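Here are the chains, one letter per residue:
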Amino acid sequence: MPLTQHRTTLTQFLIEERRRYPHASGDFNSLILNVALACKSIARAVAFGALGGVLGQAGDAVNVQGETQQKLDVLSNNAFLRLNEWGGYLAGMASEEMESVYQIPGTYPKGKYLLVFDPLDGSSNIDVNVSVGSIFSVLRAPDGVSDVTEQDFLQPGSEQVAAGYAIYGPTTMLVLTVGTGANGFTLDPNLGEFILTHPALQIPPDTQEFAINASNSRFWEAPVKRYVDECLAGKSGVREKDFNMRWIASMVAEAHRILMRGGVFLYPRDTKHPAKHGRLRLLYEANPIGFIMEQAGGRASTGRESVLQVQPASLHQRIGLVFGSRNEVDRIEYYHQHPEPIELDNPLFHERGLFRLPA
Ligand code: AHG
Ligand code: MN
Ligand code: MN
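Remember, it's a predicted structure, so these values are computed and weren't measured experimentally. (Residues numbered from 1 in each chain as written. Chains lettered and ligands numbered in written order. Predicted model: local features only at pLDDT ≥ 70, side-chain atom pairs only at ≥ 80, totals over all residues. Heavy atoms only, no water.)

K.L.:
What am I meant to see in the coordination of the manganese ion (ligand 3) here?
P.N.:
Four donors placed tetrahedrally around a metal ideally meet at 109.5 degrees, and six donors placed octahedrally ideally meet at 90 or 180 degrees. Coordination of the manganese ion (ligand 3) by the protein comes from Glu-96 (OE), Asp-118 (OD) and Leu-120 (O), over a distance range of 2.2 to 2.6 Å. Binding-site remark: the manganese ion (ligand 3) is held by donors from one chain whose sequence spacing is E-x21-D-x1-L. In this structure, the manganese ion (ligand 3) lies 3.7 Å from the manganese ion (ligand 2), and both are coordinated by Asp-118. Residue Glu-96 is located in the loop between strand S3 (90–95) and strand S4 (102–103), and its partner Leu-120 is located in strand S5 (residues 113–121); the two are separated by 24 residues in the primary sequence. (Donors = N, O, S within 2.8 Å, 3.2 Å for Na, K, Ca; no water. Helix = DSSP H or I, 4+ residues; strand = E, 2+ residues; numbered from the N terminus.)

Written out as structure tokens, the structure reads:
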């Protein structure tokens, strides 16, 4: 980046946001900048790949999800912990890779925020050189808390102070919301700085692109089957337009595509594992991505209700997740709320009928 051309850095962006709150201590900015530093260090490890000796599994280690940990899962988790535990702004942390909440070591001061993260999302893609990412969510710690408990983290997504993700793709980007819209920053590899390149992201309300793991179709609930069938029917079906399908198996990469050009992502609740209400985790996958989607004019839902309204019951709770272009998410919710098959040739459902379907 030529220095003659002014571009807003992440630091400048945060300082300018902070000026709106004259009494702010600067703790929040330190938190975001250290999260960004963790993401930069993970980006470098990912970029070196096999040359850095970071590919493959971390021995036989299995995380609380029952998934085999990759070396990069462990390395990324440590980057988040080490770069954030010392700063005095956190009361505690929680991670996909740790069964229990993480206490700030006694040698460091404690602060008023909680940090929750998925240090490496899409880790099944690491060894095949497909984009992966990190996802984080910032909550307020209850007043006066010293040793945090799981209960302190069980706040609905609507309580998030900030959320974001980094994507380690052809370029490394950080997408952040502090509740005033969603902004995208691109890592300048020469300066090692995130530069604001995608201000005020907006997701188009309509789309012709959907993402779902179709190998699960036999486990889908009726509303999801109906939605996908209608998309696949294309021009000749009730949607009267052709759809494209995408599946990267890296939610961060899907979320990023949807933020850039619209689309809808579904990892719905299904009957594959009836005890689990979905595949993705509420606190460090669904909530932060949901917050970003809503801040960019999109929506995020469990299929039944807005994901940000869900009261979490446990740290690693899973949930059905649908997000992206607003009118598609509305439609999928409508199908869940009206599960009976609708006779589409019934005049009540026609354009001017009583029960007009969402556009
Ligand atoms: P993680 O790597 O953090 O465990 O998350 C992987 C998630 C998500 O990124 C992706 O959308 C989904 O798992 C892929 O699931 P399938 O393997 O069922 O396609
Ligand atoms: Mn994940
Ligand atoms: Mn992960």
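K.L.:
What is the right way to read the site of ligand 1 from this model?
P.N.:
Neighbouring residues of ligand 1: 18 residues in total, closest Asp-121, Gly-122, Ser-123, Met-251 and Tyr-267. Measuring from an oxygen atom of ligand 1, one finds a side-chain N or O atom of Arg-281 at 3.2 Å. Protein burial of ligand 1: of its 480 Å² of free accessible surface, 87% is covered by the chains. Contributions of two or more residues to the shell around ligand 1 are made by S5, strand S13 (264–267) and strand S14 (280–281). Among the elements that make up the shell around ligand 1, the one with the highest residue count is S5 (three residues). Partitioned by chemical class, the residues of the shell around ligand 1 number seven nonpolar, four polar and seven charged. (Near = heavy atom within 4 Å. Polar contact = N/O pair within 3.5 Å; in protein donor to acceptor, adjacent residues only side chain to side chain. Areas by Shrake-Rupley, 256 points an atom, 1.4 Å probe, with all protein chains shown as cover. Nonpolar A, V, L, I, M, F, W, Y, C, P; charged D, E, K, R; others polar.)

K.L.:
Quick question: what am I supposed to make of helix H1 (residues 10–18) here?
P.N.:
Think of an α-helix as turning once every 3.6 residues; residues three or four places apart then point the same way. Every buried residue of H1 is accounted for by Leu-10, Phe-13, Leu-14 and Glu-17. Buried residues in H1, looked at end-on, bunch into an arc of 95 degrees, giving them a common side. In this structure, the buried side of H1 is in contact with helix H2 (27–48), strand S8 (172–177), strand S9 (182–188) and strand S10 (193–198). (Buried < 20%, exposed > 50% of the residue type's maximum accessible area, 1.4 Å probe, protein only. Arc of directions from axis to C-beta. Contact = heavy atoms within 4.5 Å.)

K.L.:
Help me understand the coordination of the manganese ion (ligand 2) in this model?
P.N.:
Taken together, the protein donors to the manganese ion (ligand 2) comprise Asp-118 (OD), Asp-121 (OD) and Glu-285 (OE), at separations of 1.8 to 2.2 Å. The motif formed by the donor residues of the manganese ion (ligand 2), counted along the single chain, is D-x2-D-x163-E.

K.L.:
Just to check I follow, could you spell out the nonpolar core for this structure?
P.N.:
When a protein is soluble and globular, its nonpolar side chains tend to lie buried together. Residues Phe-80, Leu-115, Phe-136, Val-138, Leu-174 and Leu-176 are the most contacted members of the largest nonpolar core, which totals 43 residues. Looking at this core element by element, the count peaks at ten residues for H2. Not counting the four nearest positions on each side in its chain, Phe-136 is found in contact with Ile-32, Val-35, Phe-80, Leu-115, Val-116, Phe-117, Ala-163, Gly-164, Tyr-165, Leu-174, Leu-176 and Pro-288. Core analysis: the second largest hydrophobic core is formed by 31 residues, Met-173, Val-175, Ala-253 and Ile-319 among them. (Core = buried A, V, L, I, M, F, W, Y, C linked by side-chain atoms within 4.5 Å.)

K.L.:
Whenever I open this one, the domain arrangement of the protein confuses me. Can you help?
P.N.:
How big an interface is tends to be expressed through the accessible area that disappears when the partners come together. When cut into domains, the protein gives domain 1 (10–198) and domain 2 (209–337). Computed from C-alpha atoms alone, the centre-to-centre distance between domain 1 and domain 2 is 24 Å. The partner domain 2 presents 32 residues to the 48 residues of domain 1 that form the contact. For the pair domain 1 and domain 2, the summed buried area comes to about 2900 Å², and 62% of that belongs to carbon and sulfur atoms. On the surface where domain 1 and domain 2 come into contact, there are one salt bridge. Put simply, Glu-96 and Arg-281 hold a salt bridge, and the shortest N to O gap is 3.1 Å. Of the residues assigned to the side of domain 1 that touches domain 2, the class counts are 22 nonpolar, 20 polar and six charged. (Domains from an automatic or database assignment. Buried area = accessible area lost by both parts, 1.4 Å probe. Salt bridge = Lys/Arg side-chain N within 4 Å of Asp/Glu carboxyl O.)

K.L.:
What am I meant to see in the sheet that holds S13 here?
P.N.:
Pairing between the strands of a sheet is mediated by backbone hydrogen bonds and can be parallel or antiparallel. In spatial order, the strands read S12-S11-S13-S17-S15; together these five strands make up an open sheet with mixed pairing. In this open sheet, the two strands that pair with only one neighbour each are strand S12 (244–246) and strand S15 (299–301). Across this sheet, the average inter-strand angle for adjacent strands is 15 degrees, counted without regard to direction. Pairing between S15 and strand S17 (residues 321–324): three bridges, direction antiparallel. Within S17, the residue paired with Arg-299 across the bridge is Gly-324. (Pairing = 2+ DSSP bridges. Axes fitted to C-alpha atoms, helices over the stretch in contact; angles between N-to-C directions.)

K.L.:
I tried to follow the pairing of strand S1 (residues 57–62) on my own but got confused; where do I start?
P.N.:
The side chains of a regular strand alternate between the sheet's two faces. In terms of strand pairing, S1 meets strand S2 (residues 68–70) through two bridges, oriented antiparallel. Across the sheet, residue Gln-57 finds its bridge partner in S2, namely Gln-70. The antiparallel pairing of S1 with S2 creates a hairpin that spans five residues between the two strands, and Gly-66 there sits at a positive phi of about 80 degrees.

K.L.:
I keep staring at the packing of H2 against helix H3 (residues 71–84) and nothing clicks. Help me out?
P.N.:
Any two packed helices are characterised by how steeply their axes cross, that is the angle between the axes, and by the distance between the axes. Interaxial distance between H2 and H3 falls to 9 Å at its minimum, and their mutual angle equals 150 degrees. In terms of orientation, H2 and H3 fall into the roughly antiparallel class. Pair H2 / H3 crosses with right-handed handedness. Two secondary-structure elements touch here, H2 through Leu-31, Asn-34, Val-35, Leu-37, Ala-38, Cys-39, Ser-41, Ile-42, Ala-45 and Val-46 and H3 through Leu-72, Leu-75, Ser-76, Ala-79, Phe-80, Leu-83 and Asn-84. Among the residues making up the contact of H2 with H3, the classes are represented as 13 nonpolar, four polar and no charged. (Parallel < 35°, antiparallel > 145°, perpendicular 65-115°, else oblique. Left-handed = near helix turned anticlockwise from the far one by under 90°.)

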